[in-house]
Amino acid sequence: MTKYGLVVPTYQPILDAGRTAPELVDTAVAAEELGLDSVWVGDTLARAPLDAFTVLGAFAARTSRVTLGTAALLPALRDPVLSANQLLSLDLLSGGRVTVAVGAGFAGRSEPEFAFVGVPWARRRARLDDIVGLWRAAWSGSDSFHGSVLHYDSLPSFPAPTRVGEPPVWLAAYTPGALSRIGRLYDGWLPYPPDPADYVSGLAQIRALASRPVTPALFATVLVEDDVSRGQQLLEEYCLTNYGRPAAFVQGIQMQVTGSAAEVAAQLRRYEGAEHVLLRIASTDPKVFDEQLPRLAEVANLLRHQA
């Protein structure tokens, strides 16, 4: 059965609009109470965010059932051994509820973030694959790791994760190179293509090349609004606030949809094969966000009952 989750905004715009950090934890609790399957946070140094690991630790303490995930983590911004320890700690504290979606950064936006921490932008994809490989080596008890970029003659001794082979690590990417690597190196796929046909063909490529099970997921930005013109207006405001670009530009890159609950559900259903759908509310206004949350749960329930 397909799962549905909420992306909890932790970046500067919603904090500037009056949302407090403790209220974001309340949002995760509300998502669990509404029957959603997971809660997710992003990761960036570009907009003074709350730290992803810290926020997920707070979520772990206040929830008991939902998956806790990153969408998406930029592992290059952190020391790989320390992040292996942080993720393992979250896994143990949450009882094995952590899923880690990772990315290598977005060209044209992420270069300053890499510069902040002194990490080369060159070979960022190989570095990402190595970091994930190092995590798995550390979690499985290996005492060394040698990849194409990272080399460790010794690794600390960590306790075993809650479950063998976890936490699962998904790749948030859609390039041809990513599609060829996912089925060899990752446990899941988290893209946000605007065209459902691209999702279906990408998933087919992954499965044709895969040597391991892969969870197909989808990152979708949604606004449930019966008034079409108001929905489009709110999407436009969101894109300008979040990206500094008009909605027409952003929607050429990522999946965004507005409409009634039934209309949004119908659009999401076109992404055939998705097994975990991450829903991001297209608003940084706390009042609008709170109004949207139960409507998101309504969309998830429609999809479950019509599956």
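Keep in mind the model is a prediction, meaning the values are calculated, not measured. Just so you know, the residues in each chain are numbered from 1, in the order the chain's sequence is written. Only residues with pLDDT of at least 70 get local features here, since the model is predicted, and only at 80 or more are side-chain atom pairs given and counted; chain-wide, interface and lining totals rely on the full set of residues. To obtain the side-chain values, all non-hydrogen atoms of the structure were included, while hydrogens and water were left out.

Before going further, it helps to examine the pairing of strand β11 (residues 276-281). In terms of burial, β11 is a largely internal element, six of the six residues being buried. Throughout, exposure labels follow a simple rule: accessible area from a 1.4 Å probe, protein chains only, divided by the maximum for the residue type, with under 20% read as buried, over 50% as exposed, and the rest as partly exposed. What counts as a helix is a DSSP run of H or I of at least four residues, what counts as a strand is a run of E of at least two, and both are numbered from the N terminus. Residues H276, L278 and R280 of β11 are buried on one face, and the alternating residues V277, L279 and I281, pointing to the opposite face, are buried as well. For two strands to count as paired, DSSP must find a minimum of two bridges between them. One ladder, built from six bridges, connects strand β9 (residues 215-224) with β11; its direction is parallel. Bridged to A220 within β11 is L279.

Once that is clear, we can look at helix α7 (residues 176-185). Every buried residue belonging to α7 is among A178, L179, R181, I182 and G183, and all of these are buried. Working rule for contacts: check all heavy atoms of both residues, and any pair within 4.5 Å makes them a contact. Here the buried face of α7 lies against α6 (124-139), β7 (169-171), β8 (188-189) and α8 (196-209).

Two side chains bearing opposite charge may form a pair once their charged atoms approach each other closely. By definition, a salt bridge exists where a carboxyl oxygen of Asp or Glu is found within 4 Å of a side-chain nitrogen of Lys or Arg. Enumeration according to the criterion identifies 14 salt bridges in this entry. The salt bridge involving D51 is made with R78; its shortest N-O contact spans 3.3 Å. Of the two residues, D51 sits in the loop between β2 (38-41) and α3 (52-62) while R78 sits in the loop between β3 (67-73) and α4 (80-94), which places them 27 residues apart along the sequence. Among the ionic pairs, R181 bridges to D129, the shortest N-O distance being 2.8 Å. On the criterion of sequence distance, the pair formed by R181 in helix α7 and D129 in helix α6 is long-range, its members being 52 residues apart. Residue class for R181 comes out buried when judged on its relative accessible area of 12%. Connected through shared salt-bridge partners, R19, E23 and D290 make up one network.

Turning next to unusual backbone geometry. Leave glycine aside and you will find that most residues have negative phi; peptide bonds, for their part, are mostly trans. For the peptide bond that leads from A71 to A72, omega is -5°, which places it in the cis range. Assignment of secondary structure puts A72 in strand β3. The step from E166 to P167 runs through a cis peptide bond, and the omega angle for that step is 5°. Looking at where P167 falls in the secondary structure, it is placed in the loop between β6 (151-152) and β7. One non-glycine residue, R123, lies in the positive phi region at around 60°. Mapped onto the elements, R123 comes out in the loop between α5 (111-116) and α6. Classification of R123 by relative accessible area gives exposed; the value is 52%.

Positionally, D187 belongs in the loop between α7 and β8. Taking the relative accessible area as the measure of exposure, D187 reaches 14% and is therefore buried. Within the local environment of D187, its side chain forms a polar contact with the side chain of R212, the two groups lying 2.8 Å apart. Residues within four places of D187 in sequence aside, it is in contact with R136, P167, P168, V169, W170, R212, P213, V214 and T215. Pairs of N or O atoms are called polar contacts if they sit within 3.5 Å, as long as, within protein, a hydrogen donor faces a hydrogen acceptor (for residues adjacent in sequence, only side-chain-to-side-chain pairs).

With that out of the way, let us pick up the packing of α4 against α6. Interaxial distance between α4 and α6 falls to 9 Å at its minimum, and their mutual angle equals 55°. On the basis of the axis angle, α4 is oblique to α6. In this structure, α4 crosses over α6, and the sense of that crossing is right-handed. Every residue of α6 that contacts α4 at P80, V81, S83, A84, L87 and L88 is listed here: I131, L134, W135, A138 and W139. Orientation is described by lines fitted to C-alpha atoms, with helices fitted over the stretch in contact, and by angles between N-to-C directions that extend from 0 to 180 degrees. Throughout this description, any angle smaller than 35 degrees is read as roughly parallel, any larger than 145 degrees as roughly antiparallel, any in the 65 to 115 degree range as roughly perpendicular, and the remainder as oblique. Left-handed describes a crossing in which the near helix is turned anticlockwise from the far one by less than a right angle; the clockwise case is right-handed.

The next thing to look at is a nonpolar patch on the surface. Any residue with relative accessible area above 30% and no salt bridge may belong to a patch, with like charges joined within 9 Å and the nonpolar Val, Leu, Ile, Met, Phe, Trp and Tyr side chains within 5 Å. To be clear on the numbers: accessible area is Shrake-Rupley with a 1.4 Å probe, and residue cover counts the displayed protein chains and nothing else. A contiguous nonpolar surface patch, about 270 Å² in accessible area, is contributed by L45, F116 and V117. Its location among the elements puts L45 in the loop between β2 and α3. Relative accessible area serves as the criterion here: at 39%, L45 is assigned to the partly exposed category.

This part is about the pairing of β9. Counting buried positions along β9 yields nine of 10 residues, so the element is predominantly enclosed. When β8 meets β9, the two strands line up parallel, connected through two bridges. Paired with G188 across the bridge in β9 is T215. Note that the unit made of β8, α8 and β9 has a crossover that is right-handed. Across four bridges, β9 lies against strand β10 (residues 256-259) in parallel orientation. Bridge assignment links V224 to a residue of β10, and that residue is G259. Call a crossover right-handed when, viewed with both strands pointing away from you, the route from the first strand across the helix to the second goes clockwise.

For A261, the location among the structural elements is in helix α11 (residues 261-269). Separated by 38 residues in the primary sequence, A261 and L223 place their C-alpha atoms 8.9 Å from one another. The contact partners of A261, leaving out residues within four places of it in the chain, are V224, D226, R295, E298, V299 and L302.

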